[in-house]
Every structure is written in structure tokens, then in C-alpha cells.
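Structure at a glance
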Amino acid sequence: MPQVSRRVSHFTESVIRRMTRIANSFNAINLSQGFPDFDPPREIIDALHKAADSDRHQYAITWGAPQFRKALAQKVSRFMGLPIEADSNMVVTCGSTEAMIASMLAVCNPGEKVIVFSPFYENYGADAILSGAEPIYVPLHPPEFSFDPRELRRAFEQKPKALILCNPSNPSGKVFSRSELEVIASLAKEFDTFVITDEVYEHIVYEPAQHIYFASLPGMFERTISCSSLSKTYSITGWRLGYVIGSPAVIDAIRKVHDFLTVGAAAPLQEAAVSALNFPDSYYKELLSIYARKRDVFLGALESAGLKFSKPQGAYYVLVDISEFGCGDDNYFCEWMAQNAGVAAVPGSSFFREPVKNYIRLHFAKKEETLLRAGERLQMLRGIWKSKGK
Ligand code: GLN
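So, here is what we can say about the structure in this document. Note that the structure is predicted; figures quoted are calculated from it, not measured.

With that settled, consider the overall build of the protein. From N to C terminus, the protein includes 14 helices and 13 strands. Relative to the globule expectation of 21 Å for 390 residues, the C-alpha radius of gyration of the protein, 21 Å, shows essentially globular dimensions. Each of the three principal axes of the protein carries a C-alpha extent, and together these read 60 × 55 × 55 Å. Each of the 390 residues in the protein was classed as buried or not, and the buried ones make up 56%. Sequence-distant contacts, at least 24 apart, represent 75% of the contacts inside the protein between residues at least 6 apart. When the accessible surface of the protein is totalled, it reaches about 16,900 Å², and 52% of it is carbon and sulfur.

Listed below in C-alpha cells is the structure:
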């Protein structure tokens, strides 16, 4: 039999999606794959009904339906504080997952290096392999998940083509401060490197932390490829609507990759999502207060269960330190926990380059009642673990 390509043999299936399947098989509360168990705003669903009755059922323009790009340009310009043009600064993609891979394919030649902070969202490893780039991992040191500027400089000295910046960060919940971003910016300038951002949690940043768009730093727009999506901001992860913002030359290259990868994002969904992009500022304030409340409820539940964790400054994930269980195998621990405690988490090792096995990642993008139920189950975690004779 012919063999499948070496490219695919270099990575395994997504651990996050595998945990969702395990959660479903044990009927566990799924706090592994990060997506809401509540509905998007009513206006968006109404707009989807309207779109279904419209004539938008054929391909949209490959880089995005004009009315979607117009609304997106207004929204992004408002939040980034930069004049973003619908016609020259953007590509609409199938989720930010496609935005990231299309960006990497567009800027990296095989063998070129890309800096990835570790822990990192698992897709970046596969993106690097698919685009032939070679990752240079730079550790983010717990508990603050900050980088050592000397380690970062050493990575830049290897002349990378790009740095990937997930801010707010999945899985650590880190939000990069202005001074940290300035260190990255000055190195990117000195070594003439692109910065590809993943900012899908841009609107979920808890006070006093503040989201700063890398592209908005002085002189950085030209070398920044900003990826984001509508998934988390409007609770529509299944719509797969993402985008890339950048300078016209880079966008032109990404458009070509995108065109041949997917042709385009779903036309009726782009039509319906215009309603979301036109929401006023109050929507984003409300979204943040909903998540801030969920974070308080869930961290409170973790605290009463006596679990150790790093408090996230942004996004909706929390890394829980399971050292005290003396397990040594976070994959085993997560499967055991889904089956025996009825709560599913992602093994932390899938996010780290280093051999770190003492974290599990839980998310709190769930209804309060779901979080409270999960909290009750987690209260019993230690007892169930001990009773298994460990
Ligand atoms: N970004 C989400 C997470 O980290 C969902 C991942 C996915 O399955 N695309 O859990």
C-alpha cells in the first residue's frame, strides 16, 4: 500500500478535539474544547433566518463578501484605532484557524524559522509543519507566563521569518503588557521579522489587564499579520468566520493562498454576521462582564475544591496544577477524570514544548449552572482519586 505523506505523520490528531470525544463518550461536562454552551445573541440568529431567505447562496467574493468586509473594517478600525480598508487590508477566512495557516503559508518558505511561545495553542505546531517552517520555542515562565527577554533575543538571533503571538493567550490566560509587546516589537524591527497574531480573545480581557493590538504599536502595522475571528466574540464558533488584517502587499499574498485553500467562507453566514459586526460598544462591555462573572464563579469553585491554578488575565481558560495528585501522566489523568469525576479537561502537555505534565486546562465558557455543577464534581476529585488506591 502507498504511504500517506511524511508531513501528516509528524503530528497527531488534535488533543483538544479528542478530549471532546472522550467527554461525550463518558457523558462528562465538557470543559476541554473551548466553546460556549449558550446561544449567540438573538439578533444574530434572526439575521441568519433572513440570510437563509435571501439570494446569498452562491460563492461570495473569495476574500470576503463586500458588506461583511465593510462592517468588519468599521469595527476593526474602531477597536484598533487604525484606518483599516475593506478593499485592501483584509481577507475573510474559515475561522482564524484558516487565517493562521494561510498567513504562515503566505510568508514562510520551507525551512524558515518561526518563533512560538510555549505553552501554545496546539494548531501552531501543525501550522508550522504544514507550511514547512521550523518552530523555535521560547518558554513563557509560570506563574505569570512571562518571557525572558534574553531567551527571546537568542531566538531572534536565529533569524526567524515570523513570530506567532497569541494574545490574550490560550491556554495560559496571559495578556501581554505594553512593555512586553514593545520588547517583541523592537526585536521584530531589529531582525526584520513578521509578527502573526492570534487575537481571537481580544474582547475577553479582565481588568486591570488591557488588550493592546500588536498592529497598533508605533511602526508595527506593516510587519503585523493580525488574525482573529467572530467565534468567541459573538459565541458562534461553528460558523467558522475569521479574518486576517494586514498591509496590502501581505494581504495580497494571503488572499492567493486562501483562494486555493477554501475559495471562501460561507456566504449566507457572512451576510448574517454583518448584524454582529454592527453591534454598539455596549455589546462588548456586556460580553466582558458576562465572562468576568463566569471567571469569578469558576475560580471560586476551583478554590473551594482546593485546586491550585494561575488566575487568567484574559480568554476563558485556566491551567490547573495537578502536581499534588502525583499522577505524572496528564493524559491518563484527564481520561480518568472524565470517566470518574464527570468533568473533561485538556492535558496540559499538549500545549507545552517542554516535558511539562503537571497541568490540565479547563475552560469556563459555559452557563453558570454548568460551571457550578462542574465545581461540585471537582470538589470530590481528590476523594475519588484517593479511593482508587493511589
Ligand atoms: N480554541 C478552542 C480551544 O482551544 C477550540 C479549539 C478547536 O477545536 N478549534 O479549545
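Applying the stated rule across the entire model yields 16 salt bridges. One salt bridge in this structure joins Lys75 and Glu202, with 4.0 Å as the shortest N-O distance. Of this pair, Lys75 sits in helix α4 (residues 66–80) while Glu202 sits in the loop between β6 (194–198) and β7 (224–229); the two residues are 127 residues apart in sequence, bridging distant segments of the chain. Accessibility expressed as a relative area gives 8% for Glu202, which makes it buried. Among the salt bridges present, the one from Glu190 reaches Arg153, with a minimum N-O distance of 2.7 Å. Of the two residues, Glu190 is situated in helix α8 (residues 178–190) and Arg153 in helix α7 (residues 149–156); the sequence distance between them amounts to 37 residues. Residue classification places Arg153 among the partly exposed residues on the basis of a relative accessible area of 31%.

Taking the relative accessible area as the measure of exposure, Lys75 reaches 3% and is therefore buried. Non-local contacts of Lys75, meaning those with residues more than four positions away in its chain, are made with Glu202, His203, Tyr234, Tyr243, Leu277 and Tyr284.

Moving on: helix α10 (residues 267–277). For α10, the buried fraction is high: eight of the 11 residues fall into the buried class. Ala267, Leu269, Gln270, Ala272, Ala273, Val274, Ala276 and Leu277 are the residues of α10 that are buried. Tucked into the core, α10 has its buried residues touching α3 (42–52), α4, β2 (90–94), β8 (241–245) and α11 (281–304).

This paragraph deals with the site of the ligand. Taken together, Ile16, Arg17, Gln33, Gly34, Tyr121, Asn170, Tyr201, Lys232, Tyr317 and Arg361 make up all the residues around the ligand. A distance of 2.9 Å separates an oxygen atom of the ligand from a polar side-chain atom of Arg17. For the ligand, an oxygen atom lies 2.6 Å from a polar atom in the side chain of Gln33. Protein coverage of the free-state accessible area of the ligand, which is 290 Å², stands at 87%.

Glancing now at the sheet that holds strand β9 (residues 308–309). Reading across from one edge, β9-β10-β13-β12 is the order of the four strands in this open sheet, with antiparallel pairing throughout. Lying at the two open borders of the sheet, with one neighbouring strand each, are β9 and β12 (346–347). Sheet analysis places strand β10 (residues 317–321) next to strand β13 (residues 359–363), joined by five bridges and oriented antiparallel. Paired with Leu319 across the bridge in β13 is Arg361. In the packing of helix α12 (residues 330–340) onto the sheet, contacts are made with β12 and β13, and the angle to β13 comes to roughly 40 degrees.

Bringing the sheet that holds strand β3 (residues 113–118) into the picture now. Spatially, the seven strands line up as an open sheet ordered β2-β8-β7-β6-β5-β3-β4, and their pairing is mixed. Each edge of the sheet is formed by a strand with only one pairing partner; in this case those strands are β2 and β4 (134–139). Each adjacent strand pair in this sheet contributes to an overall mean axis angle of 20 degrees, direction not counted. The pairing of strand β5 (residues 162–166) with β6 spans five bridges and is classified as parallel. Pairing of Ile164 across the sheet is with Ile196, part of β6. Its contacts with the sheet place helix α5 (residues 95–107) against β2, β3, β5, β6, β7 and β8, and it is angled at close to 170 degrees to β6.

The rules behind the values
- Residues numbered from 1 in each chain as written.
- Predicted model: local features only at pLDDT ≥ 70, side-chain atom pairs only at ≥ 80, totals over all residues.
- Heavy atoms only, no water.
- Helix = DSSP H or I, 4+ residues; strand = E, 2+ residues; numbered from the N terminus.
- Rg over C-alpha atoms; globule rule 2.2 N^0.38 Å.
- Buried < 20%, exposed > 50% of the residue type's maximum accessible area, 1.4 Å probe, protein only.
- Contact = heavy atoms within 4.5 Å.
- Areas by Shrake-Rupley, 256 points an atom, 1.4 Å probe, with all protein chains shown as cover.
- Salt bridge = Lys/Arg side-chain N within 4 Å of Asp/Glu carboxyl O.
- Near = heavy atom within 4 Å.
- Polar contact = N/O pair within 3.5 Å; in protein donor to acceptor, adjacent residues only side chain to side chain.
- Pairing = 2+ DSSP bridges.
- Axes fitted to C-alpha atoms, helices over the stretch in contact; angles between N-to-C directions.

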